[in-house]
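Chain by chain, the residues:
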Amino acid sequence: SSSSSSSSSSDRREDDDACLAAVALLLFGDKASDALPGGYDDNELGPNSPLRRLRSFPQSLVLLGRAAVLIRGIAAKLDVPYSLADAWEEAAKKAHQNGATTLPPWADETALAPSSDAVVSSEDLRRTFRRWLDSKAKRLATKLLPRRVKTFLAARAVRRLEARRPSGGGVV
């Protein structure tokens, strides 16, 4: 009974390794490769996709995975034979030989963590949101409003600014 459980865990480990290798090839390998390990399909949305077996994806690889899929998709659409694996091979070998264990800044979660004294107040958040909303509204108004409405609003804004100016009348 113990030999059957050890062979079962060995089979599961081999299947897990095949799944991880298939995910790596699916995201970063050539589309021209014959078949994925473990009998997985190269259709990301298919029922036999290795992506369906993943419980989670390392946060440090999300941006890299998205970029890789985007580059591969553009190359395929333009019918350009391009291999990310070939393009990155030399840099990956150098990093491996040099024993690189640090993540690039975009993947290092500690580099993105705010300091403990960096507290955002609700007032800061409200002010930032208000500036963002104002800029969006101005851009939208600039595109959509008729010229005479824009002229009217600009004149009104000038009058408001002049009313706020100190009574000295000079430019500050």
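Rules of the game
Residues numbered from 1 in each chain as written. Predicted model: local features only at pLDDT ≥ 70, side-chain atom pairs only at ≥ 80, totals over all residues. Heavy atoms only, no water. Helix = DSSP H or I, 4+ residues; strand = E, 2+ residues; numbered from the N terminus. Buried < 20%, exposed > 50% of the residue type's maximum accessible area, 1.4 Å probe, protein only. Areas by Shrake-Rupley, 256 points an atom, 1.4 Å probe, with all protein chains shown as cover. Core = buried A, V, L, I, M, F, W, Y, C linked by side-chain atoms within 4.5 Å. Contact = heavy atoms within 4.5 Å. Salt bridge = Lys/Arg side-chain N within 4 Å of Asp/Glu carboxyl O. Polar contact = N/O pair within 3.5 Å; in protein donor to acceptor, adjacent residues only side chain to side chain. Patch = residues over 30% accessible without salt bridge, like charges linked within 9 Å, V, L, I, M, F, W, Y side chains within 5 Å. Lys, Arg positive; Asp, Glu negative; His and termini not counted. Charge placed at Lys NZ, Arg CZ, Asp CG, Glu CD. pLDDT = per-residue confidence, 0-100. Expected span 1.5 Å × (residues − 1). Arc of directions from axis to C-beta.

Trainee: Explain the overall build of the protein chain here, please?
Mentor: Each helix and strand in the protein chain was counted, giving six helices and zero strands. In the protein chain, the order of α-helices and β-strands from amino to carboxyl end is α-α-α-α-α-α. Within the span of the protein chain, comprising 172 residues, buried residues form 12% of the whole. With the model as given, the accessible surface of the protein chain reaches about 14200 Å², and the carbon-plus-sulfur share is 58%.

Trainee: So what exactly am I meant to see when it comes to the nonpolar core here?
Mentor: Nonpolar side chains tend to gather and get buried jointly when the protein is soluble and globular. One finds Cys-19, Ala-22, Val-23, Leu-26, Leu-27, Phe-28, Leu-36, Tyr-40, Ala-68 and Leu-84 forming the largest nonpolar core, which totals 10 residues. With six residues, the single largest contributor to this core is helix H1 (residues 2-28). In contact with Leu-84, not counting residues within four places along its chain, are Phe-28, Ala-68 and Ile-71.

Trainee: Would you mind showing me how to read unusual backbone geometry here?
Mentor: Residues apart from glycine generally show negative phi values, whereas peptide bonds are mostly found in trans. Even without being a glycine, Asp-79 presents a positive backbone phi close to 60°. For Asp-79, the location among the structural elements is in the loop between helix H2 (59-77) and helix H3 (84-97).

Trainee: Explanation requested: the pattern of salt bridges in the structure shown.
Mentor: Where charged atoms from two side chains of opposite charge approach closely, those side chains can pair. Evaluation of the coordinates by the stated rule reveals six salt bridges. Here Asp-15 makes a salt bridge to Arg-53, at a shortest N to O gap of 2.9 Å. Of the two residues, Asp-15 is situated in helix H1 and Arg-53 in the loop between H1 and H2; the sequence distance between them amounts to 38 residues. Given the relative accessible area of 36%, Arg-53 is considered partly exposed. Taken together, the shared-partner salt bridges in this structure form one network comprising Asp-15, Asp-16 and Arg-53.

Trainee: Sorry, what's going on with the side chain of Arg-72 here?
Mentor: In this structure, Arg-72 sits in helix H2. Residue classification places Arg-72 among the buried residues on the basis of a relative accessible area of 11%. At 2.3 Å, the side chain of Arg-72 forms a polar contact with the backbone oxygen of Leu-26.

Trainee: Mind showing me how you'd approach a nonpolar patch on the surface here?
Mentor: Taken together, Leu-70, Ile-71, Ile-74, Leu-78, Val-80 and Tyr-82 make up a surface patch of nonpolar side chains, about 570 Å² in accessible area. With respect to the helices, strands and loops of the structure, Val-80 is situated in the loop between H2 and H3. Exposure remark for Val-80: the relative accessible area of 43% places this residue in the partly exposed category.

Trainee: How do you make sense of a positive patch on the surface when you look at a structure like this?
Mentor: Taken together, the side chains of Arg-156, Arg-159, Arg-160 and Arg-164 make up a positively charged region of the molecular surface. Within the secondary structure layout, Arg-160 lies in helix H6 (residues 147-164). Since its relative accessible area comes to 52%, Arg-160 is described here as exposed.

Trainee: Honestly, the confidence of the model for the protein chain in this entry has me stumped. Any pointers?
Mentor: The predicted structure's coordinates, where accompanied by low pLDDT, should not be read in detail. Of the residues in the protein chain, 77% reach a pLDDT of 70 or more, and the chain-wide mean stands at 76. Per-element mean pLDDT across the protein chain ranges from 48 in helix H4 (residues 109-112) up to 87 in H6.

Trainee: What exactly am I supposed to notice about H2 here?
Mentor: For an α-helix, 3.6 residues make a turn, and residues three or four places apart therefore share a direction. With 19 residues, H2 ought to run about 27 Å at 1.5 Å a step, and its terminal C-alpha atoms sit 28 Å apart, in line with that. Regarding H2, the residues found buried are Ser-60, Gly-65, Ala-68, Arg-72 and Ala-75. Buried residues in H2, looked at end-on, bunch into an arc of 100°, giving them a common side. Pointing more than 90 degrees away from the buried face of H2 are the exposed residues Gln-59, Leu-63, Arg-66, Leu-70 and Lys-77. Phi for Asp-79, located one or two positions after H2, is positive at around 60°.

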